[in-house]
Amino acid sequence: MAGTDTATSVRYRSFAEVETRGYSPLYDAWCMGVSGDGELLALLDTLPPARRQPVLFLGAARFVGVPLGDYAAFRSFVLDSWDAIRSVMETRATQTNEAGRCAVLLPSLAAISADEGRPLALVEVGASAGACLYPDRYAYSYSPGPSLQPPGGSPVPPLDCTVAGPVPVPSSLPEVVWRAGIDLNPLDAGDDDDVRWLEALVWPEHRFRAERLRAALGVVRAEPPLLIRGDLNEQVLPLVARAPADAVVVVFHSAVLAYLDREGRDRFRDTMIRLTADRERPVHWLSHEGYGTLAGVPDAMEKAPGEEDGRFVLQHNGVTIARTGPHGQSIEWL
Ligand SMILES: C[S@@+](CC[C@H](N)C(=O)[O-])C[C@H]1O[C@@H](n2cnc3c(N)ncnc32)[C@H](O)[C@@H]1O
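Procedures and definitions
Residues numbered from 1 in each chain as written. Predicted model: local features only at pLDDT ≥ 70, side-chain atom pairs only at ≥ 80, totals over all residues. Heavy atoms only, no water. Helix = DSSP H or I, 4+ residues; strand = E, 2+ residues; numbered from the N terminus. Rg over C-alpha atoms; globule rule 2.2 N^0.38 Å. Buried < 20%, exposed > 50% of the residue type's maximum accessible area, 1.4 Å probe, protein only. Contact = heavy atoms within 4.5 Å. Areas by Shrake-Rupley, 256 points an atom, 1.4 Å probe, with all protein chains shown as cover. Domains from an automatic or database assignment. Buried area = accessible area lost by both parts, 1.4 Å probe. Salt bridge = Lys/Arg side-chain N within 4 Å of Asp/Glu carboxyl O. Polar contact = N/O pair within 3.5 Å; in protein donor to acceptor, adjacent residues only side chain to side chain. Nonpolar A, V, L, I, M, F, W, Y, C, P; charged D, E, K, R; others polar. Phe/Tyr/Trp six-rings, centres within 6.5 Å; stacked < 30°, edge-to-face > 60°. Lys NZ or Arg CZ within 6 Å of the ring centre and 35° of its normal. Pairing = 2+ DSSP bridges. Axes fitted to C-alpha atoms, helices over the stretch in contact; angles between N-to-C directions. Expected span 1.5 Å × (residues − 1). Arc of directions from axis to C-beta.

1. Thoughts on the overall build of the chain
Here comes step 1: From N to C terminus, the chain includes eleven helices and eleven strands.
Here comes step 2: Taken over C-alpha atoms, the radius of gyration comes to 20 Å for the chain, in line with the 20 Å a tight globule of 334 residues would show.
Here comes step 3: Overall, the C-alpha framework of the chain stretches about 65 × 40 × 35 Å when taken along its three principal axes.
Here comes step 4: Here the chain, with 334 residues, has 52% of them falling under the buried criterion.
Here comes step 5: Relative to all contacts within the chain whose residues are 6 or more apart in sequence, the contacts with residues 24 or more apart total 70%.
Here comes step 6: Of the roughly 14400 Å² that the chain leaves accessible, carbon and sulfur atoms contribute 52%.

2. What about the domain arrangement of the chain?
Here comes step 1: By domain assignment, the chain separates into domain 1 (7-91) and domain 2 (99-333).
Here comes step 2: On a C-alpha basis, the centroid separation for the pair domain 1 and domain 2 is 29 Å.
Here comes step 3: With 16 residues of domain 1 in contact, the opposing surface of domain 2 contributes eleven residues.
Here comes step 4: When domain 1 packs against domain 2, the two sides together hide about 1100 Å² of surface, and 68% of this comes from carbon and sulfur.
Here comes step 5: For domain 1, the biggest contributors to the area lost against domain 2 are Tyr23, Arg62 and Phe63; these three give 47% of the whole.
Here comes step 6: Counting the contacts that link domain 1 with domain 2 gives zero salt bridges.
Here comes step 7: Our count for the domain 1 to domain 2 interface comes out at six residue pairs in polar contact (both at pLDDT 80 or more).
Here comes step 8: In terms of residue count, helix 4 (residues 54-64) provides more of the side of domain 1 that touches domain 2 than any other element does, six residues in total.
Here comes step 9: Each residue belonging to the side of domain 1 that touches domain 2 can be placed in one class, and the counts come to eleven nonpolar, three polar and two charged.

3. A word on the packing of aromatic side chains
Between two aromatic rings, the relevant description is the distance of the centres plus the angle of the planes.
Here comes step 1: By the definition in use, this model includes eleven aromatic pairs.
Here comes step 2: Ring geometry for phenylalanine 63 versus tryptophan 197: centroids 5.7 Å apart, planes at 85 degrees, classification edge-to-face. Taken together, the residues phenylalanine 63 in helix 4 and tryptophan 197 in helix 8 (residues 192-200) connect sequence positions 134 residues apart.
Here comes step 3: The aromatic ring of phenylalanine 63 is capped on one face by arginine 196, whose charged end is 4.1 Å from the ring centroid.

4. Concerning the sheet that holds strand 8 (residues 284-290)
Here comes step 1: Taken in spatial order, the eleven strands of this open sheet run 3-2-4-11-10-9-8-7-1-5-6, and their pairing is mixed. Looking at the sheet topology across the chains shown, the edges are occupied by strand 3 (147-148) and strand 6 (226-229).
Here comes step 2: In this sheet, strand 6 lies alongside strand 5 (residues 176-183) in parallel orientation, the contact comprising four bridges. From the neighbouring strand, glycine 181 faces strand 6, where its bridge partner is leucine 227.
Here comes step 3: Across the sheet, helix 7 (residues 102-116) touches strand 1 (120-125), strand 2 (140-143), strand 3, strand 4 (159-164), strand 7 (248-254), strand 8, strand 9 (312-316), strand 10 (319-324) and strand 11 (330-333), and the angle it forms with strand 8 is around 165 degrees.

5. Brief notes about helix 11 (residues 262-276)
Here comes step 1: Between its terminal C-alpha atoms helix 11 stretches 21 Å, which fits the 21 Å expected from 15 residues at 1.5 Å a residue.
Here comes step 2: Of all the positions in helix 11, only Gly264, Arg265, Phe268, Arg269, Thr271, Met272 and Leu275 are classed as buried. For helix 11, the buried positions fall inside an angular range of 165 degrees around the axis, keeping them on one side. Residues of helix 11 that are exposed and point over 90 degrees away from its buried face: Glu263 and Arg274.

6. Some remarks on the pattern of salt bridges
Side-chain pairs of opposite charge can arise whenever the charged atoms involved come near each other.
Here comes step 1: Scanning the entire structure with this criterion turns up 20 salt bridges.
Here comes step 2: Note that glutamate 234 and arginine 267 form a salt bridge whose closest N and O atoms lie 3.2 Å from each other. Of this pair, glutamate 234 sits in helix 10 (residues 232-241) while arginine 267 is found in helix 11, placing the two residues 33 residues apart along the sequence.
Here comes step 3: You can call glutamate 234 partly exposed: its relative accessible area is 48%.
Here comes step 4: One connected set of salt bridges, linked through shared partners, spans Asp136, Arg137, Arg179 and Glu223.

This is the structure in structure tokens:
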């Protein structure tokens, strides 16, 4: 079909086939529709390539109010509302904040605190609104395995996580005495537009994730973390230096390094290797990222051929310890 054999068309078809199929029938149908729709592709191609990404487009359409209907209804809404959608795509970025990821970080966080005999000071780089900075405030349901909850319970529905291998699920939650984050654009859990944007980034069928997000943002609002605006490579050292001396510092990140170029990732990796080896105050480093985003760490995460299955890789101080569901829904200890 004329006008639909473009890079943007291929990108949307591939996104539908690889990312959404089986997870979001609606996004699958919409993205397949876009990939064969010369008029919509031409509109998307008026944006710079980095801003044509499906997740940004779908989130922007949802933010502006697209009805959750068939492709014809989607298409007609987009054509009518293109100026508003475009403006969101030009000013917002994909910043999905998923508290569920705490379920795969928790075993390592608890083990670090127990081994060091001290409470935790958490530094999250690429924190979005900071919902992952509250692992001590959520309830967990590991399967098979125990359920855990903070004293007094949690306002957030339990984070479900399927377990495989010898995952060291703790018997109680670690104490967190300090939490701080860095983001290029910190989102404000108390700002209605930021909350609406975070909600628009949750895929439509994932209603439990939307519910969890709303509840987790309530936790953030009740006790806001220190969130620093800036580049993680510029801000991580000064922020680590601000952590209280009587706590063990854990620097962590989840679904962030894909946004950095090779040079930025290498610089961050080198900083973290130095920080973990610091004689005076070694920090712990937890990396939860897609395959291949942190190549070059000894023993780390280049994938073997055929290994890619959409799961993330969890590393502690540069050593791969687990594979995980990208939203924290599963963990396989290696
Ligand atoms: C997909 S979100 C993940 C948020 C959170 N880590 C989570 O797992 O829910 C990625 C975040 O990284 C931030 N980010 C990307 N590049 C960054 C950089 N160079 N410095 C600081 N933050 C960055 C983005 O703004 C975004 O909020």
